[in-house]
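Coordinate analysis (summary)
Letter by letter, the chains look like this.
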Amino acid sequence: MTHRLRIEKLVQATNPDLGGPVGDPVWTPLATVWARRKNTLRATAEALASGTVVAPVQVQWDMRPRPMDAPLRLVGDGGDHDGVIYDIKNIGISNDRSEMAVMCTSGASNG
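A brief look at the structure comes next. (Residues numbered from 1 in each chain as written. Predicted model: local features only at pLDDT ≥ 70, side-chain atom pairs only at ≥ 80, totals over all residues. Heavy atoms only, no water.)

Before going further, it helps to spend a moment on the packing of aromatic side chains. Describing an aromatic ring pair means giving the distance of the ring centres and the angle of the ring planes. Applying the stated criterion across every chain yields a total of one aromatic pair. Ring centres of Trp-61 and Tyr-86 lie 5.4 Å apart, and the angle between their planes is 80°; this geometry places the pair in the edge-to-face category. Separated by 25 residues along the polypeptide, Trp-61 in strand E3 (residues 57-63) and Tyr-86 in strand E5 (residues 85-93) bring together distant segments of the chain. Overall, Tyr-86 belongs to the buried group, its relative accessible area being 2%. (Phe/Tyr/Trp six-rings, centres within 6.5 Å; stacked < 30°, edge-to-face > 60°. Helix = DSSP H or I, 4+ residues; strand = E, 2+ residues; numbered from the N terminus. Buried < 20%, exposed > 50% of the residue type's maximum accessible area, 1.4 Å probe, protein only.)

Right, dumping it as structure tokens:
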């Protein structure tokens, strides 16, 4: 595992007196993990079909298993992917439960 990533969760602040939401939800750091970047694919056919100018990049990050519930995203923390936002699309666990594969896209949105 050679890449450091930050797992961030979308959190909505609430008013303690009224119990209602306050302001816009914000991305809050949840954990920092080490991962291996397994592959990178360009989703050009999908991007061309939707008319976007910049094609999103599909990335698979392999990491140790951990509980992950939505809404979460990954953010590069150092190295050549520092600050890159990865939208989580799918999560799979290996048969022996030693690794978790997190399929993401980047470049198409802001998390």
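From this point on, the discussion continues.
Attention now moves to the nonpolar core. Formed by 15 residues in total, the largest nonpolar core has its most connected members in Leu-5, Trp-61, Met-63, Met-68, Leu-74, Tyr-86 and Val-102. Contributions of two or more residues to this core are made by strand E1 (3-11), strand E2 (26-42), E3, strand E4 (72-76) and strand E6 (100-106). Ranked by residues supplied to this core, first place goes to E3 with four residues. When residues no more than four places from it in sequence are discounted, the contact partners of Leu-5 are Ala-31, Thr-32, Val-33, Ala-35, Trp-61, Met-63, Leu-74, Val-75, Gly-76, Asp-77, His-81 and Tyr-86. (Core = buried A, V, L, I, M, F, W, Y, C linked by side-chain atoms within 4.5 Å. Contact = heavy atoms within 4.5 Å.)

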